[in-house]
Amino acid sequence: MENFKLSGFNFELVRVAIVDDHTAVAEGFESIINGSGVAGVIGKAFSVAGCMELLAQSKVDLLLLDISLADGNGIDLFLQIKPLYPDLKVIALTCHSEISIIKRALEVGFSGYIRKNSTAADIIEGIRAVASGELFLCKETQRLLQEPDCQKLLLSRREDELLRLIVSGKSNIEIADSMKLGYETIKSYRKRLMLKLNTSNTAELVRVAIEENLV
């Protein structure tokens, strides 16, 4: 798969780039945006490296950025690109609904947060609002932030089990055996857990788990 693909648009609408490691998903959003009359997609990237290449080779007004990528996470990528492209507006377009991830994205400076299950109208409304300098949160994200327990860090049963095994010093192979799951599945769960707890390595993950009384 190519790291990125330029679409060759030449227009005066909002110039949008999409970064998502699922080609079909990126193409689906591209179709929605190109039919809106508000914006057009000038390129798509499928990895962290591809995003950097795309931004270097084209003028982008607004970036739709997935939080989870195969070779990294969107929040870390945002922190890399924002100093290089200070005028670039970035919307998280993601499946993640965890309060900790939403808050982290907003804290570092994302201009919007849209769930992938949002309607086409919501996506276009978000692009229009953010391009105009506003902050945009899809309806589901707004609802989640208004819930009474939104301050709590909630882990699923599997996440809780995984975290306890990590803190106990188990390797991924040992954890896979204990949880009766595949090695690659454990790697994926571990990556998601680190993102949720805003940590970049095992030592940080263990520290946060202990400090937040999660184990």
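Residues numbered from 1 in each chain as written. Predicted model: local features only at pLDDT ≥ 70, side-chain atom pairs only at ≥ 80, totals over all residues. Heavy atoms only, no water.

1. Remarks on the nonpolar core
- One finds L63, L65, I75 and F110 to be the most contacted residues of the largest nonpolar core, which totals 30 residues.
- Where this core is concerned, the elements lending two or more residues are β2 (14-19), β3 (39-45), α2 (48-57), β4 (62-65), α3 (74-81), β7 (89-94) and α4 (99-108).
- In terms of residue count, the dominant contributor to this core is α4 (five residues).
- Not counting residues up to four positions away in its chain, the partners in contact with F110 are L65, I67, G74, I75, F78, V90, I91, A92, A105 and L135.
- Counting 22 residues, the second largest nonpolar core, distinct from the first, contains V14, L64, I123 and I124. (Core = buried A, V, L, I, M, F, W, Y, C linked by side-chain atoms within 4.5 Å. Buried < 20%, exposed > 50% of the residue type's maximum accessible area, 1.4 Å probe, protein only. Helix = DSSP H or I, 4+ residues; strand = E, 2+ residues; numbered from the N terminus. Contact = heavy atoms within 4.5 Å.)

2. Quick look at the pairing of β3
- Most of β3 is tucked away, with seven of its seven residues classed as buried.
- Summarising the sheet, β2 and β3 pair through six bridges and their orientation is parallel. For V19, the partnering residue across the bridge sits in β3 and is A45.
- Since β2 and β3 lie parallel, the crossover through helix α1 (residues 23-34) that links them has a hand, and here it is right-handed. (Pairing = 2+ DSSP bridges. Right-handed = clockwise from strand over helix to strand, strands pointing away.)

3. Observations regarding unusual backbone geometry
- In this structure, K180 is a non-glycine residue whose phi angle is positive, near 60°.
- Position of K180 relative to the elements: it lies in the loop between α8 (172-179) and α9 (183-196).
- The exposure class assigned to K180 is exposed, which follows from its relative accessible area of 69%.

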